Amino acid sequence: MIPLLLSGLSDEFIGFNLVRYSTFRAGAACITALFIGLFFGARIIRWLRSFQRGGQPIRDDGPERHLIEKKGTPTMGGVLILLGILAGTLLWADLRNGLVWAVLLVTVGYGAIGFADDWLKVTKRNTKGVSGRTKLIAQAGIGLVAAIWITALMPVPLQGALAFPVFKEALLNFGILFPLVAMFVMMGASNAVNLTDGLDGLAIVPAMIAAGVFAFIAYLVGNRIFADYLQLHGVPGAGELAVFCSALVGAGLGFLWFNAPPAAVFMGDTGSLALGGALGAVAVATKHEIVLAIVGGLFVVETLSVIIQVFWYKRTGKRVFLMAPLHHHFEKKGWAEPTIVIRFWIIAMILGLVGLSTLKIR
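Remember, predicted model here, so these are calculated numbers, not experimental data.

Rules behind the numbers
Residues numbered from 1 in each chain as written. Predicted model: local features only at pLDDT ≥ 70, side-chain atom pairs only at ≥ 80, totals over all residues. Heavy atoms only, no water. Helix = DSSP H or I, 4+ residues; strand = E, 2+ residues; numbered from the N terminus. Rg over C-alpha atoms; globule rule 2.2 N^0.38 Å. Buried < 20%, exposed > 50% of the residue type's maximum accessible area, 1.4 Å probe, protein only. Contact = heavy atoms within 4.5 Å. Lys, Arg positive; Asp, Glu negative; His and termini not counted. Charge placed at Lys NZ, Arg CZ, Asp CG, Glu CD. Polar contact = N/O pair within 3.5 Å; in protein donor to acceptor, adjacent residues only side chain to side chain. Core = buried A, V, L, I, M, F, W, Y, C linked by side-chain atoms within 4.5 Å. 1 Å grid on protein atoms, 1.4 Å probe; cavity = no way out; pocket = protein on both sides within 12 Å on 5 of 7 lines; lining within 4 Å. Points joined across faces, edges and corners; volume = space filled by probe spheres on them. Nonpolar A, V, L, I, M, F, W, Y, C, P; charged D, E, K, R; others polar.

Notes on the overall build of the chain
Check the secondary structure of the chain and you find 15 helices and two strands. For the chain, whose C-alpha radius of gyration is 20 Å, the value lies close to the compact-globule estimate of 21 Å for 362 residues. Seen through its principal axes, the chain has C-alpha atoms that stretch 60 × 45 × 35 Å. Buried residues in the chain amount to 52% of all 362 residues. The contacts of the chain with a sequence gap of at least 6 include a subset with a gap of at least 24, amounting to 75%. In the chain, the 29 positive side-chain charges and the 19 negative ones have mean positions that sit 6 Å from each other.

Some points on the side chain of serine 305
Mapped onto the fold, serine 305 is located in helix α13 (residues 297-316). On the basis of relative accessible area, serine 305 is assigned to the buried category, the value being 2%. A distance of 3.1 Å separates the side chain of serine 305 from the backbone nitrogen of leucine 326, its partner in a polar contact. When sequence neighbours within four positions are dropped, the list of residues in contact with serine 305 reads Phe321, Ala324, Pro325 and Leu326.

Notes on the nonpolar core
Core analysis: the biggest nonpolar cluster contains 96 residues, and Met186, Ile204, Phe214 and Phe244 have the highest contact counts within it. Counting residues per element, this core draws most heavily on helix α8 (residues 204-221), which supplies 14 residues. Among all residues touching phenylalanine 244, those that are not within four sequence positions of it are Ile85, Thr89, Val103, Leu104, Thr107, Ala278 and Val282.

A word on empty space enclosed by the protein
Counted according to the given criterion, the structure contains one cavity of 30 Å³ or more. Considering the residues around the largest cavity, the lining is formed by 15 residues, among which Phe164, Pro165, Leu232, Lys287 and His288 are closest to the centre. Sorting the residues of the lining of the largest cavity by element identifies α12 (289-295) and α15 (337-360) as the ones contributing at least two each. It is α12 that provides the largest number of residues to the lining of the largest cavity, a total of three residues. Its residues placed into classes, the lining of the largest cavity shows eight nonpolar, four polar and three charged.

Considerations on the layout of surface pockets
Its boundaries defined by the atoms lining it, the second largest pocket holds a volume of some 280 Å³. As for the second largest pocket, its lining consists of 17 residues, and the residues nearest its centre are Val185, Gly188, Ala189, Ala192 and Val300. Listed by contribution, the elements that provide at least two residues to the lining of the second largest pocket are α7 (178-196), α11 (268-285), α12 and α13. Of the residues forming the lining of the second largest pocket, the biggest block, six residues, is contributed by α7.

Next up, the structure:
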């Protein structure tokens, strides 16, 4: 919206030319989203408290200290994240870009699923919410529509193809089945972030790190000069997703202000499903689906810990971990919450750097 308005005034004031550059607009989107978070954060938390008597329901089978320390904390703070992302993107991205709208569809759609889940939990005062099957069907529907949309916007050589890091000339062609692959990427990323969201600040910082990495990737693949130099598969229009990713980083920072230990609000499924879906959609739109598994490796490990735990328990009746997801295992071992969170952040930073390094290797 703003780019279209201000670029038309560039003849009168040369400074308005800045809005033509996605790097400037990405920075503006980040600052806008951060400001939205800081300005509206306390107000939204008061609103959430007004109808959440007792805050987020706490699982009885979770770590014992959660029943004491986290009782009464409101959830659905993902509303604040979504508000920041939408404000930063709608104000500063080029809204004529179809990739931006496809990614927003997944982000808002998955956020709506999470909102419904959180709403049922806080109003019915239990931890069940929307059934798992219903959530998966809704995620699949939204993801498939977005995947078909994104695929249609890809240049012909990349339509239906999965690209590889390092082996940059290689493409695995799925043909008409690729939207299903892309759908599973979005669903997998969404649910992986959801499983990771269990401690104050644990999920939001790795999500911001991944978004920061993909802001850089989106800028590179959307710029023909850089894409050719790094032997990346260029995606016309993908540079606008750097604006979206930067808005996500800013919204995450605004949320973290209130989610830092001890958290004043939890993101809930409203935030975690939206964040994971957003990252998955951006990875598909930039043709870096496999790099997402590296950059978001922390989310992958957390998900694998749950899969391994369930599989092994059903097979042998014994547990591999004291509790899954993995962060609860370390809680059971006696690690302090800030210790777990900060060490997981460090791991996420390292994985982010590894993901970035694949861009240069050729």
